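# Coordinates in review
Residue strings, one per chain:
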Amino acid sequence: MRKAVYPGSFDPVTFGHLDIIERSARMCDHLIIGVLNNYSKTPLFSVEERVNMLKSLTSNFANVEVKSFGGLMIDFVRANQADAVVRGLRAVTDFEYELQIAQTNRVIAPEVDTVFLTTNLKYSYLSSSIVKEIASYGGEINAFVPEEIAERVRKKIEDRTK
């Protein structure tokens, strides 16, 4: 692959996301992490915060770029002249949803392929939603996210409950 996009909300970025980023970066010349600004959801972190966190965590990868986008992911992929979309799969339920999206995108943009990477088994249960829920009850999240992200999650939740 010459250029690929790994889209997601990354709210917050987890070790599972970072695993997919690292593996994808080895597979392509240029990887763009597309941080979705989903106007229908209320994320814990602003899109700017998520972009900055990802930039910090991926600064050691020369071929990785982080950008935000809104609207259709396939429009973002085309605007960035990418050849492929990278998606991580944790379970069968992920596959069913992701397959529908990939097939729809293939109709809209036949020149763009979707590459599915199965998640590392040690992250197969992990999601940003689970991390936020555990943190909201004061649980320990350091096994799921880097320390700098864990601190930011705890602070953001603390600020919201004041």
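Residues numbered from 1 in each chain as written. Predicted model: local features only at pLDDT ≥ 70, side-chain atom pairs only at ≥ 80, totals over all residues. Heavy atoms only, no water.

### Side note on the packing of aromatic side chains
Tallied over the full model, the rule gives five aromatic pairs. Ring centres 4.5 Å apart and planes at 20 degrees place the aromatic pair Phe69 and Phe76 in the stacked group. For the residue pair Phe69 and Phe76, the accessibility class agrees, reading buried in each case. (Phe/Tyr/Trp six-rings, centres within 6.5 Å; stacked < 30°, edge-to-face > 60°. Buried < 20%, exposed > 50% of the residue type's maximum accessible area, 1.4 Å probe, protein only.)

### What to know about the environment of Gly34
Here Gly34 is to be found in strand S2 (residues 30-36). Residue classification places Gly34 among the buried residues on the basis of a relative accessible area of 0%. Remark: the alpha-carbon pair of Gly34 and Asp159, spanning 125 residues in sequence, is separated by 27 Å. Sequence-distant contacts of Gly34, defined by excluding residues within four places in its chain, comprise Val5, Tyr6, Pro7, Gly8, Phe10, Lys67, Phe69 and Phe76. (Helix = DSSP H or I, 4+ residues; strand = E, 2+ residues; numbered from the N terminus. Contact = heavy atoms within 4.5 Å.)

### Here we look at the UniProt feature "domain: Cytidyltransferase-like" (unreviewed entry) in the protein
Sequence positions flagged by UniProt for "domain: Cytidyltransferase-like" (unreviewed entry) are, in local numbering, residues 5-133. Along residues 5-133 the backbone is 42% helical and 22% strand, and the end-to-end C-alpha distance reaches 28 Å. (UniProt positions renumbered as here; feature names shortened; annotations may be inferred.)

### Points about the pairing of S2
Across a regular strand the side chains alternate sides, sitting on one face of the sheet and then on the other. Most of S2 sits inside the fold, with five of its seven residues counted as buried. One ladder, built from six bridges, connects strand S1 (residues 3-8) with S2; its direction is parallel. Looking at the pairing, Ala4 lines up with Leu31 of S2. In this view, the connection linking S1 to its parallel neighbour S2 by way of helix H1 (residues 15-27) has right-handed handedness. In terms of strand pairing, S2 meets strand S3 (residues 64-69) through six bridges, oriented parallel. Following the sheet pairing, Gly34 is matched in S3 by Lys67. Considered for its hand, the β-α-β crossover made up of S2, helix H2 (residues 47-57) and S3 is right-handed. (Pairing = 2+ DSSP bridges. Right-handed = clockwise from strand over helix to strand, strands pointing away.)

### Points about the sheet that holds S1
Ordered by their spatial adjacency, five strands build an open sheet running S3-S2-S1-S4-S5, and the pairing between neighbours is parallel. Of all the strands in the sheet, the pair left with one neighbour each is S3 and strand S5 (113-118). For this sheet, the mean angle separating the axes of adjacent strands, direction not counted, is 30 degrees. For strand S4 (residues 84-89) and S5, the ladder comprises six bridges, and the chain directions are parallel. Bridge pairing in S5 links Arg87 to Phe116. Contacts from H2 reach S2 and S3 within the one sheet, and its direction differs from that of S2 by about 150 degrees. (Axes fitted to C-alpha atoms, helices over the stretch in contact; angles between N-to-C directions.)

### Points about unusual backbone geometry
A cis geometry characterises the amide bond from Asp11 onward to Pro12, with omega recorded as 0 degrees. Positionally, Pro12 belongs in the loop between S1 and H1. Positive phi, close to 50 degrees, is recorded for Phe10, a residue that is not glycine. Mapped onto the secondary structure, Phe10 falls in the loop between S1 and H1.

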